Amino acid sequence: MSPARIDDPAHDHEAGSRDATLDTTRIDDTRIAAVRALVAPAVLLEEQPVTEAIELLVERTRDAIAGVLHGRDDRLVVVVGPCSIHDHDQAMDYARRLKAKADALSDALVVVMRVYFEKPRTTVGWKGYINDPRLDGSFRINEGLRRARQLLLDISALGLPAGTEFLDLLSPQYLADLIAWGAIGARTTESQSHRQLASGLSCPIGFKNGTDGGVQIAADALQAARASHAFMGMTKMGVAAIFETRGNDDCHVILRGGRGPNYDAEHVEAACAVLRKAGLREQVMVDCSHANSAKQHRRQIEVAADVARRIAAGDRRLIGLMVESHLREGRQDLVAGRALEPGISITDACLGWDDTVPVLQTLADAVRARRAR
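Residues numbered from 1 in each chain as written. Predicted model: local features only at pLDDT ≥ 70, side-chain atom pairs only at ≥ 80, totals over all residues. Heavy atoms only, no water.

### Details of the environment of Ile85
Here Ile85 is to be found in the loop between β1 (76-81) and α3 (88-104). Classification of Ile85 by relative accessible area gives buried; the value is 1%. Taking the C-alpha atoms as reference points, Ile85 and Ala265, 180 residues apart in sequence, are found 32 Å from one another. Setting aside its immediate chain neighbours within four residues, Ile85 contacts Ala91, Arg114, Val115, Tyr116, Phe117, Trp126, Tyr129 and Leu151. (Helix = DSSP H or I, 4+ residues; strand = E, 2+ residues; numbered from the N terminus. Buried < 20%, exposed > 50% of the residue type's maximum accessible area, 1.4 Å probe, protein only. Contact = heavy atoms within 4.5 Å.)

See the structure below:
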């Protein structure tokens, strides 16, 4: 005689009354392989607290960038650093070098280190330091969050502000208190969820134009982010909640190219015309990488030089630049079992540090020339 089945998958039965909760295991989470506990943001913030000095740095840098956006500060915002972070010590080596240069050029530039932990992928691939901090497919996300927060604390402790892209909608609860400037990428600028997120973030935000080069979606994003919103999210305690935002007026467009470059004078004028029609401030930041450099990292030097010439000639609509830069130039593949070369990007190719320094100097000289006009 066969033993009685505990559960008949074709005819599930519930213990207790007829109105007991229905067993939905046949139709819910059918493609979920595993569920692991996620550390609450409040736990990390307690374990890795912000210091008073770092709090002051973040606050002052946000105010300085807002001053540039609202015309109170004539400096240029320069977001420069690795395409993505994959090693703590190498990031700190870069940060120490950048800090010295940022201080030397602080009269003309508001320098923010690019500290990107999340990478959007066209199909699949390594999704960043938070998602896979050990670079081995183990996806130790709790460890990645801790490593990311510690790196931001260490960079900020140098007196150097950090900027990042907000890709995941939950990660800001773990890191946003340490971010002086943030970006919404080309793939997510049109996302309602990211526009709502930006409306509640405490830092200035740059929205990139669409992957096709269209600026209208970025202008729409600016209008959406300025408005108040109500949406679902997670609190610092890790509890689901409804957030109501006040809106964020410290937002701007980033020109990153599309089917071709869009950093030249004609494209800047066209972008500002879109902003003008929408009743928004006529100002843009230029991303020297991505489609503006045709994915050729050394062309960032040409892009920056071209933009610098127009700044020196008096163009005040150009409020910032982004440059992808690392300790050494180029990129390398992440291959299992193969050691990585130190100081080289594992995502997009970057300028080396020695080529980055003259770019920063050129931009600072351009601001000084514009100021003297």
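### Observations concerning the pairing of strand β8 (residues 251-255)
Among the 5 residues in β8, 5 count as buried, and that is most of the element. A two-sided burial pattern is seen for β8, the buried positions comprising Cys251, Val253 and Leu255 on one face and His252 and Ile254 on the other. Of the strand pairs in this sheet, strand β5 (residues 205-208) and β8 are connected by 4 bridges, and their pairing is parallel. From the neighbouring strand, Phe207 faces β8, where its bridge partner is Val253. Looking at chain direction, β8 and strand β9 (residues 284-287) are connected through 3 bridges and run parallel. Residue pairing across strands places Val253 opposite Val284, the latter belonging to β9. The parallel pair β8 and β9 is bridged by helix α8 (residues 265-277), and the resulting crossover is right-handed. (Pairing = 2+ DSSP bridges. Right-handed = clockwise from strand over helix to strand, strands pointing away.)

### Quick word on the pattern of salt bridges
Taken as a whole and judged by the stated rule, the model has 25 salt bridges. We note a salt bridge from Asp249 to Arg281, for which the minimum N-O separation is 3.5 Å. Taken together, the positions of Asp249 in the loop between β7 (240-244) and β8 and Arg281 in the loop between α8 and β9 put the pair 32 residues apart, joining distant regions of the chain. Between Arg328 and Glu341 there is a salt bridge whose closest N-O contact spans 3.6 Å. Taken together, the residues span a long stretch of sequence, with Arg328 in the loop between β10 (318-324) and α10 (353-372) and Glu341 in the loop between β10 and α10 at a distance of 13 residues. On the accessibility criterion, Arg328 (38% relative accessible area) is partly exposed. Taking relative accessible area as the criterion, Glu341 reaches 44% and is therefore assigned partly exposed. Each of Glu269, Arg276, Glu282, Asp315 and Arg317 takes part in salt bridges that share partners, so that together they form one network. (Salt bridge = Lys/Arg side-chain N within 4 Å of Asp/Glu carboxyl O.)

### A look at helix α4 (residues 141-157)
Compared with the 24 Å implied by 1.5 Å per residue over 17 residues, the 24 Å span of α4 between its first and last C-alpha is a close match. Regarding α4, the residues found buried are Gly144, Leu145, Ala148, Arg149, Leu151, Leu152, Leu153, Ile155 and Ser156. Check the buried side of α4 and you find it contacts α1 (41-47), α2 (52-69), α3, β2 (109-114), β3 (162-165) and α5 (172-175). Positive backbone phi, at 95°, marks Gly159, one or two positions downstream of α4. (Expected span 1.5 Å × (residues − 1).)

### What to know about the nonpolar core
By size, the foremost hydrophobic cluster in this structure holds 80 residues, and its most contacted members are Leu109, Phe117 and Phe207. In terms of residue count, α10 provides more of this core than any other element does, 7 residues in total. Not counting the four nearest positions on each side in its chain, Phe207 is found in contact with Ile184, Thr189, Arg195, Ala198, Ala218, Ala221, Leu222, Ala225, Cys251, His252, Val253 and Ile254. Formed by 15 residues, the second largest nonpolar core is a distinct cluster that contains Ala64, Ile65, Tyr116 and Ala183. (Core = buried A, V, L, I, M, F, W, Y, C linked by side-chain atoms within 4.5 Å.)

### Description of the environment of Ile130
Looking at where Ile130 falls in the secondary structure, it is placed in the loop between β2 and α4. Residue Ile130 is classed as buried on the basis of its relative accessible area of 7%. Note: C-alpha distance between Ile130 and Thr30 (100 residues apart in sequence) is 26 Å. If near-sequence neighbours (up to four positions away) are discounted, Ile130 is found in contact with Phe117, Glu118, Arg140, Ile141, Gly144, Leu145, Ala148 and Leu175.

### Concerning the packing of aromatic side chains
Here the distance between the centres and the angle between the planes together describe a pair of aromatic rings. For the coordinates displayed, the defined rule picks out 3 aromatic pairs. Each ring, one from Phe231 and one from Phe243, has its centre 6.1 Å from the other, and the planes form 20°; the classification is stacked. Taken together, the residues Phe231 in strand β6 (residues 230-234) and Phe243 in strand β7 connect sequence positions 12 residues apart. Taking the relative accessible area as the measure of exposure, Phe231 reaches 18% and is therefore buried. According to the relative accessible area criterion, Phe243 is partly exposed, its value standing at 27%. When the ring centre of Tyr116 is taken as reference, the NZ or CZ atom of Arg114 above it lies at 3.7 Å. (Phe/Tyr/Trp six-rings, centres within 6.5 Å; stacked < 30°, edge-to-face > 60°. Lys NZ or Arg CZ within 6 Å of the ring centre and 35° of its normal.)

Keep in mind these numbers describe shape, not what the thing actually does.
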